[in-house]
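# Examining the three-dimensional arrangement
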There are 2 protein chains.
Amino acid sequence: MTYCLSMLLDTGLVFLSDSRTNAGVDHVSTFRKATVFEKPGDRVLVLQTAGNLAATQSVVTLLTEEIAMGKDQPSLMNCKTLHEAACLVGSALRRIHDRDGEALQKFGFDFNPALILGGQIAGEKPRLFNLYAAGNFIEATSDTTYFQIGESKYGKPIIDRVIRRTSSLNEAVKCALVSMDSTIRSNLSVGLPLDLVIVKRDQLRVARHMSIDSSNDYFRQISSGWSEALRQAFVQLPDHDWSQPRDA
Amino acid sequence: MTYCLSMLLDTGLVFLSDSRTNAGVDHVSTFRKATVFEKPGDRVLVLQTAGNLAATQSVVTLLTEEIAMGKDQPSLMNCKTLHEAACLVGSALRRIHDRDGEALQKFGFDFNPALILGGQIAGEKPRLFNLYAAGNFIEATSDTTYFQIGESKYGKPIIDRVIRRTSSLNEAVKCALVSMDSTIRSNLSVGLPLDLVIVKRDQLRVARHMSIDSSNDYFRQISSGWSEALRQAFVQLPDHDWSQPRDA
């Protein structure tokens, strides 16, 4: 499995993904789930992937091949809007489904890729899309602060509580790391290193792209600090003595 | 869906379950997921259920009918050990699967009940079992503090962090309520009122069995207090300024 999280804020976008892939517990590997497509000054697109690795790798390969074909081939590097970019990704997904879907079904596997595509193209505001296995997609509106794919449940409560569109990029990264840390602790199929990509509004380039592993000081502070803070918060909640006579 | 949680501690057992049932979003109802079988001084058993309500209700009905048949019929009220009780519940599950499994499959539905059975029978220590749809089961050992069924992921991180076998029953109830509150906030299919059952070691009766709804003062304190405490804990985590030059 995988956990990818992206947030759309007034000041830009934050993408965080893990790198663990497993096909059963015997086949655990490290694969990055985030791919950046960038032409500084013109566009920056970030694609996160979850689900069948064979399918999502093929999708990225198709998209990369389209770019390599040059300017006459519609691709992520020449499309005019992020909506068009989402259509291109959806189309690539459908081609892979056409190629692999039936065979997967014969072997009892679901075709279950899930993707997040976000970024900014010159002339547009930053946008964020969540693509389903069928190649259709939804776009984040002003009510939507984030999308998650993969093992999303463990790390959802903290995002619901602290992140708003007006949150700063630094707050968003902090929250994303807490959300990821909670997921890693409770689910073996999500693991380090993490890929962090930050896109600032109207910069039209990646502001920050880094790999975070267990030697990263800030992540260690967040991880141990959050454990301790949660325990403290729990202790400070009011206590109640339940050892009273039974009720009906 | 549903969320049921049970904890096995040195001093007893805590069971907490929600009461929301949904078959699609158009059919949302309130059904209790916890059933108590009690003969004070001899035994106290608590059964929590998740998954197909039609199946789990039928399981409870079969178990209740066996009890009504009296002392010559093996039942939850005359079995000698909790392991035997788990076998009886598993057997009831299998009979319902024999009755309904094929028809469900024809309609494209999974037979997916999940159950937790815990309590204490005179002569034994408190025990806790997690039963699968196939009627097989696992028992909590000294390394296992809790079992969850249903929508378990949202509320798992806090339990992993604060509950140990040595935790008090009051701490366990507090943690269970926090875990349930996180789940209710992030998942529409889990809702109030809650069923709380507390069993104290060697009392061989229910110590406390109550329904908790939105008017319950302590749950309101936990719910609002936890929101605020989480936000405070988040604010107090170290900040990092990511607006530095880009990395490779």
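Up top is the structure.
Residues numbered from 1 in each chain as written. Chains lettered and ligands numbered in written order. Predicted model: local features only at pLDDT ≥ 70, side-chain atom pairs only at ≥ 80, totals over all residues. Heavy atoms only, no water.

## Re the sheet that holds strand β11 (residues 194-200) of chain A
Residue and element names in this part refer to chain A.
- Spatially, 5 strands are ordered β10-β1-β2-β11-β12 in an open sheet, and the strand pairing comes out antiparallel. The sheet is open, and its two edges are formed by β10 (146-150) and β12 (206-212), each paired on a single side. Strand-to-strand twist in this sheet, taken as the mean axis angle between neighbours without regard to direction, amounts to 10°.
- Examined bridge by bridge, strand β1 (residues 3-9) and strand β2 (residues 12-17) share 6 bridges and lie antiparallel to one another. Bridge pairing in β2 places Met7 opposite Val14.
- Set on the sheet, helix α4 (residues 169-186) makes contact with β1, β2, β11 and β12; between it and β1 the angle comes to about 160°. (Pairing = 2+ DSSP bridges. Helix = DSSP H or I, 4+ residues; strand = E, 2+ residues; numbered from the N terminus. Axes fitted to C-alpha atoms, helices over the stretch in contact; angles between N-to-C directions. Contact = heavy atoms within 4.5 Å.)

## Considering the sheet that holds strand β9 (residues 137-139) of chain A
All names here are of chain A.
- Here 5 strands make up an open sheet; going across it, the order is β5-β6-β7-β8-β9 and the pairing antiparallel. Each edge of the open sheet is held by one strand with a lone partner, namely β5 (34-39) and β9. On average, adjacent strands in this sheet sit at an angle of 15° to one another, irrespective of strand direction.
- Contacts from helix α2 (residues 82-106) reach β6 (43-50), β7 (114-121), β8 (127-131) and β9, with the element oriented near 150° to β7.

## Comments concerning the interface of chain B and chain A
- Counting residues at the interface gives 55 residues for chain B and 54 residues for chain A.
- For the pairing of chain B and chain A, the buried interface totals around 5,100 Å² over both sides, and the portion due to carbon and sulfur atoms is 58%.
- Joining chain B to chain A, the criterion identifies 6 salt bridges.
- In this structure, the connection of chain B to chain A is made through 23 residue pairs in polar contact (both at pLDDT 80 or more).
- Among the elements of the structure, α3 (156-162), α4 (169-186), β11 (194-200), β12 (206-212) and α5 (217-236) of chain B are those that each provide at least two residues to the side of chain B that touches chain A.
- When residues of the side of chain B that touches chain A are assigned to their parent elements, the largest contribution, 12 residues, is made by α5 of chain B.
- Here the side of chain B that touches chain A is composed, by residue class, of 27 nonpolar, 10 polar and 18 charged. (Buried area = accessible area lost by both parts, 1.4 Å probe. Salt bridge = Lys/Arg side-chain N within 4 Å of Asp/Glu carboxyl O. Polar contact = N/O pair within 3.5 Å; in protein donor to acceptor, adjacent residues only side chain to side chain. Nonpolar A, V, L, I, M, F, W, Y, C, P; charged D, E, K, R; others polar.)

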